[in-house]
Amino acid sequence: MSTRYVSGHQLARLLGDVPRERPVYAAVARGVRGLVLDGRLALRTRLPAERDLAGALGVSRTTVTAAYDRLREEGYIESRQGAGSWTALPPVRMAGEGGPGAGRGRPAPAAPAPGVAGAAPGGFGAAGFDIAFADGGPDGEGFIDLGCAAPAAPAVLDEAVAAAVAELPRYSRGPGYEPAGLACLRQAIADRYTARGVPTRPDEIVVTSGAQQAFTLLVRMLVNAGDPVMVERPTYPHALTALRAAGARLVPVGMNGGWDAELAAATMRQAAVRLVHTIPDFHNPTGLLMPDADRAAFTAGARAADAYVVADEIFADLAHDPDAPRLPPLAMYDSGGRVITIGSASKLMWGGLRIGWIRAAAPLVRRMVVAREPLDMASPVLDQLIVRELLERVEDVRAERAAHLRESRDALAAALRERLPDWEFRLPEGGMSLWARLGAPVATQLAETAGRFGVRVVPGPVFAADGVLEDYVRLPYVLPPDVLRTAIDRLAAAYRRAEGAPAARLLPAYV
């Protein structure tokens, strides 16, 4: 039986106000089902006793009993006498199978592929992917790839490259190996953190070959096989890949409707997590920004659970209003060296610059410098110099990115409202992606069908650790507005086809 549980008070808060519709038990059952499918209520979470939930909701115990019975019939909870009830997913059924849950109620979820890199919240109102492409596949002429959230290089790149090349002779007389990173770049990165309210020294920075290497290095150092690691649901698929490779036991916590600091702290404590991975700034894929109060509570919960927190901040500089007040980094609330921050040049600057970095306590940085040497010794000198030059021009880069992303975001949103009006989404205030909720749980089928219509999208289950989120897709808006409008035209046609299709065939498991 699961060690995770949700109290009556917590579940009532997630469900929200009891609606006036009747029967009430059906509304309660629908709300819990929505929380499970939405990812906000983790699988194998023990539910509160009927009496406790009834008291928290202000309804009769009979109402909660009937709701639990309905969920048990549908396969969304399992029970054992003396052990209580816990959340589950109904078994996947093939097209044509009868019985409860048959049809398109829950299509076969796709697990994340190896290396694969707003919506209404759950509650009472909640209702790298292998594709067989036509016409030459994703390399064919006219194919639109909405699977990649990475823009082209900024206009100042050529100027930064020229300045870096002019500086290179100063470094070419040495061996070229700086396992911790060039001193000038570490100083520039440290100064950026200091300016954001977190005093940082260069010896608290290690430069890596991209953010993915940074996270993988941290996992290798801090996580042993079997260690519980809390991850958000949804989250960045590459983070899940690195954790699975290390043998970590993934402990998902839902945040489709935003962060729930109380529930996150309870999860950290109940699961005794070793590590917490979070994306607090313009979260990938939801685009959400963690509020200031939640940052303090989230960090306090991790400190109480004696867990490390890895804060992925690679989207932190991508507010669509570059002049808007910035929230402090998660590390500002850390008093014991438990918050480790990852940054990168790939999203703000250019993905072709494989430069990332880690901010951590100096003793941990020294351990990381030793640990990274068997992997790649050091990051390329020229790339580091280019990033240093771009950091000197960072406000120009931020302004250019904001103008382009705002225009493309608005074009994408307008096209969705016109062509797919039953889809739900929030308009992000930063980042590069829109997290759209479909009118039906057919994300895997849609992704498969969309490839045959000349557009690639990544379905919701790729961003989850446990096969939920079948009614979500991520839609990056890094492409020009006219290309995005064409992509949505194709996606709308694919969605009509997927909606009318029989239940998804069973896909091969990704390992």
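Enquirer: Is there a simple way to explain the environment of histidine 283 in this structure?
Expert: Secondary-structure assignment places histidine 283 in the loop between strand 7 (275–278) and helix 11 (292–304). Remark: the alpha-carbon pair of histidine 283 and alanine 316, spanning 33 residues in sequence, is separated by 9.1 Å. Setting aside anything within four residues of it in sequence, one finds histidine 283 in contact with Glu232, Pro234, Thr235, Met255, Trp259 and Leu288.

Enquirer: Got a minute to help me understand the side chain of threonine 87 in this structure?
Expert: With respect to the helices and strands, the residue threonine 87 is situated in strand 2 (residues 84–87). Within polar-contact distance, the side chain of threonine 87 engages the backbone oxygen of alanine 42 at 2.6 Å. Not counting residues within four places of it along the chain, the set of residues in contact with threonine 87 comprises Val36, Leu41, Ala42, Leu43, Arg44, Thr45, Leu47, Tyr76 and Ile77.

Enquirer: Can you help me understand the confidence of the model for the protein in this one?
Expert: Interpretation of this model should avoid reading the predicted coordinates in detail wherever pLDDT is low. In this model, the protein carries an average pLDDT of 87, and 88% of its residues clear a pLDDT of 70 or more. Taken together, the stretch residues 93–136 has pLDDT below 50 and engages in 140 contacts with residues farther than four places along the chain or on a different chain. This stretch, residues 504–511, has a pLDDT under 50; its non-local contacts, to residues over four places away or in other chains, come to 20 contacts.

Enquirer: So what exactly am I meant to see when it comes to helix 9 (residues 237–245) here?
Expert: Count 3.6 residues to each turn of an α-helix, and residues three or four apart come out pointing the same way. When we look at burial in helix 9, the residues that qualify are Pro237, His238, Ala239, Leu240, Ala242 and Leu243. Elements that come into contact with the buried residues of helix 9 comprise helix 8 (211–222), strand 5 (228–233), strand 6 (249–254) and strand 7. The first or second residue beyond helix 9 is glycine 247, which carries a positive phi of 80 degrees.

Enquirer: Is there a simple way to think about the packing of aromatic side chains in this case?
Expert: Aromatic ring pairs are described here by two measures, namely the spacing of the ring centres and the angle between the planes. Enumeration according to the criterion identifies three aromatic pairs in this entry. With a centroid separation of 5.2 Å and an interplanar angle of 90 degrees, the aromatic rings of tryptophan 423 and tyrosine 495 are classed as edge-to-face. Residue tryptophan 423 is found in the loop between helix 14 (394–419) and strand 11 (433–437), and its partner tyrosine 495 is found in helix 16 (residues 481–499); the two are separated by 72 residues along the sequence. Accessibility assignment for this pair places tryptophan 423 and tyrosine 495 in one class, buried. Aromatic side chains tryptophan 435 and tyrosine 472 sit 5.0 Å apart centroid to centroid with 10 degrees between the ring planes, which places their arrangement in the stacked category. Here the residue tryptophan 435 occupies a position in strand 11, and tyrosine 472 occupies one in strand 14 (residues 472–476), the gap between them amounting to 37 residues. Residue classification places tryptophan 435 among the buried residues on the basis of a relative accessible area of 2%. Residue tyrosine 472 is classed as buried on the basis of its relative accessible area, which comes to 0%. Through pairs of rings, three or more aromatic residues link up here, namely Trp435, Phe463 and Tyr472. Between arginine 338 and the ring centre of tyrosine 308, over which it is positioned, the NZ or CZ distance is 4.1 Å.

Basis of the calculations
- Residues numbered from 1 in each chain as written.
- Predicted model: local features only at pLDDT ≥ 70, side-chain atom pairs only at ≥ 80, totals over all residues.
- Heavy atoms only, no water.
- Helix = DSSP H or I, 4+ residues; strand = E, 2+ residues; numbered from the N terminus.
- Contact = heavy atoms within 4.5 Å.
- Polar contact = N/O pair within 3.5 Å; in protein donor to acceptor, adjacent residues only side chain to side chain.
- pLDDT = per-residue confidence, 0-100.
- Buried < 20%, exposed > 50% of the residue type's maximum accessible area, 1.4 Å probe, protein only.
- Phe/Tyr/Trp six-rings, centres within 6.5 Å; stacked < 30°, edge-to-face > 60°.
- Lys NZ or Arg CZ within 6 Å of the ring centre and 35° of its normal.

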